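# Results of the structural survey
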Amino acid sequence: MMIVRNLSLRLVAIVAAGLAAPLTAAGAQDARFDQPDPALDAEVEACLEADGVSVLPGTDTICYNAAIFPGQFLQLADMAPADRIIVTSPGGNVATARMMSRILDDRGEPIIIAGQCMSACAMVILPGADDISIHRSAHIAVHGIVMMGYRDWFGWLKNGEAPTARDNLAASMGYNFAYTLHKSGQDHMEKHLDGQDVDQDYIQIISDRMFEDALTSDCRVDPNSYWGMIDAEHLREFLGDRITHMEAFAQDWDDPANKVYKDVTIPIAPQTYIFEHDFEDATCP
């Protein structure tokens, strides 16, 4: 569950231009969110310009600007203690992200979510953290209708057909490899959230919402091609006082703060979208 990090330069330019911008149309601070922190802004901008895992020059802040692969998070595990860790990531495999989450648990530093927090970053790293700040550059999105059950999954790929008894048996015994991969993602999510004392609805609600939004769309793509944005209300409900600082970040596709992905995605609902290349590859009206 990962997207290619091909938007970084655009993200850096937009964030650099927008860090000093007012947060509402009237220029007033939204009372639901914390005031921007100029020191954090400078570190976020530097991190989004960096690549890989490093300590930002002149600071005790670690920048994790990378996909979630073993080489990167094992590098993080070997670094000296820091004041905080800025995480910006296109994501990675859920099982792999669980290993990175354990490393972050062991380290214990505050986590700053900035820029893209996509796929396993939003699904595993974010709900696994205990001291979280959300920077206003953040774009947080779940990858795929991950909690779709077998009957819905089968029908989605088979134009609404119901699975036969033989299909059900094959899936239950692990002989449907595609579904086994899909179910593995579900299992990892459930075990991870349970281990982090986060309610399963953290992921279930977003997955269900994407499923319902997808049903209303004229274009049907692979279940893994949908993306669901996570908003502030959802984070507050499920992560509670683990969030120690939250600035006004992108809440939906039309939000003025959504300045990066809007150019390369197609919305099918306020908080659900498809990347243009997936839309173009699908058989759509």
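The paragraphs below set out a description of the structure included in this document. Remember, it's a predicted structure, so these values are computed and weren't measured experimentally.

### Here's the deal with the overall build of the protein
- The helix and strand inventory of the protein stands at eleven helices and ten strands.
- Counting all 285 residues of the protein, 53% fall into the buried class.
- Restricting to contacts in the protein with at least 6 residues of sequence separation, those with at least 24 account for 66%.
- If you sum the accessible surface of the protein, you get close to 12,900 Å²; carbon and sulfur atoms cover 51% of it.

### Re the packing of aromatic side chains
- In total, this model carries ten aromatic pairs according to the counting rule given.
- Each ring, one from Y261 and one from F275, has its centre 5.9 Å from the other, and the planes form 85°; the classification is edge-to-face. Linking Y261 in the loop between β8 (243-246) and β9 (265-269) with F275 in strand β10 (residues 272-275), this pair joins segments that are 14 residues apart in sequence. An identical accessibility class is assigned to Y261 and F275; each is buried.
- A network of ring pairs unites the aromatic residues Y150, W153, F154 and Y179 as a single cluster.
- When the ring centre of W156 is taken as reference, the NZ or CZ atom of R220 above it lies at 3.9 Å.
- In this arrangement the basic side chain of R236 is found over the ring face of F33, its NZ or CZ atom lying 5.1 Å from the centre.

### So, a negative patch on the surface
- Residues D199, D201, D208, E212, E233 and E237 make up a contiguous surface patch of negative charge.
- At the level of elements, α9 (201-215) and α10 (232-239) are the ones that each hand at least two residues to the negative patch.
- Broken down by element, the residue count for the negative patch peaks at three residues, all from α9.
- You can see E237 is positioned in helix α10.
- Among the residues examined, E237 registers a relative accessible area of 56% and is labelled exposed.

### Concerning the nonpolar core
- With 66 residues, the main nonpolar core has Y64, I113, I134, I140, Y202 and L235 as its most contacted residues.
- Discounting residues that sit within four places of it in the chain, I113 has contacts with V87, L126, I132, S133, I134, H135, A138 and I140.
- Grouped together as the second largest cluster of nonpolar side chains are eleven residues, M118, M229, W253 and V260 included.

### A look at the packing of helix α4 (residues 94-107) against helix α8 (residues 177-195)
- Where α4 contacts α8, the two axes come as close as 9 Å, and the packing angle between them is 20°. Between α4 and α8, the angle is such that the two are roughly parallel. As for how α4 packs across α8, the hand of that crossing is left-handed. Across the interface between the two elements, V94, A95, R98 and S101 of α4 pack against H188, M189, K191 and H192 of α8.
- Residues that form the contact of α4 with α8 fall into these classes: three nonpolar, three polar and two charged.

### Things to note about the state of the cysteines
- Under the definition given, this model contains two disulfides.
- Disulfide pairing places C117 opposite C121 at an S-S distance of 2.1 Å. Torsion about the S-S bond of the C117 and C121 cystine: about -100°, corresponding to left-handed handedness.

### A short note on a nonpolar patch on the surface
- On the surface, L169, M173 and Y175 cluster together into a nonpolar patch covering about 370 Å² of accessible area.
- Residue placement: Y175 occurs in the loop between α7 (165-172) and α8.
- Assessed through its relative accessible area of 63%, Y175 is described here as exposed.

### Overview of the pairing of strand β4 (residues 111-118)
- Among the eight residues in β4, eight count as buried, and that is most of the element.
- Of the pairings in the sheet, the one linking strand β3 (residues 84-89) to β4 comprises four bridges and is parallel in character. In the strand pairing of β4, V87 is matched with I113.
- With α4 bridging β3 and the parallel β4, this β-α-β connection has right-handed handedness.
- Bridge count between β4 and strand β6 (residues 139-143): three bridges; the pairing is parallel. Residue pairing in the sheet places M118 in a bridge with A141 of β6.

### A short note on unusual backbone geometry
- At S119, a residue that is not glycine, the phi angle is positive and equals roughly 55°.
- Here S119 lies in the loop between β4 and α5 (120-128).
- Looking at S119, the relative accessible area reads 0%, which means it is buried.
- The phi torsion at D197 lies on the positive side, around 60°, for a residue other than glycine.
- Summarising the element assignment, D197 is placed in the loop between α8 and α9.

The rules behind each value
Residues numbered from 1 in each chain as written. Predicted model: local features only at pLDDT ≥ 70, side-chain atom pairs only at ≥ 80, totals over all residues. Heavy atoms only, no water. Helix = DSSP H or I, 4+ residues; strand = E, 2+ residues; numbered from the N terminus. Buried < 20%, exposed > 50% of the residue type's maximum accessible area, 1.4 Å probe, protein only. Contact = heavy atoms within 4.5 Å. Areas by Shrake-Rupley, 256 points an atom, 1.4 Å probe, with all protein chains shown as cover. Phe/Tyr/Trp six-rings, centres within 6.5 Å; stacked < 30°, edge-to-face > 60°. Lys NZ or Arg CZ within 6 Å of the ring centre and 35° of its normal. Patch = residues over 30% accessible without salt bridge, like charges linked within 9 Å, V, L, I, M, F, W, Y side chains within 5 Å. Salt bridge = Lys/Arg side-chain N within 4 Å of Asp/Glu carboxyl O. Lys, Arg positive; Asp, Glu negative; His and termini not counted. Charge placed at Lys NZ, Arg CZ, Asp CG, Glu CD. Core = buried A, V, L, I, M, F, W, Y, C linked by side-chain atoms within 4.5 Å. Axes fitted to C-alpha atoms, helices over the stretch in contact; angles between N-to-C directions. Parallel < 35°, antiparallel > 145°, perpendicular 65-115°, else oblique. Left-handed = near helix turned anticlockwise from the far one by under 90°. Nonpolar A, V, L, I, M, F, W, Y, C, P; charged D, E, K, R; others polar. Disulfide = S-S within 2.5 Å. Pairing = 2+ DSSP bridges. Right-handed = clockwise from strand over helix to strand, strands pointing away.

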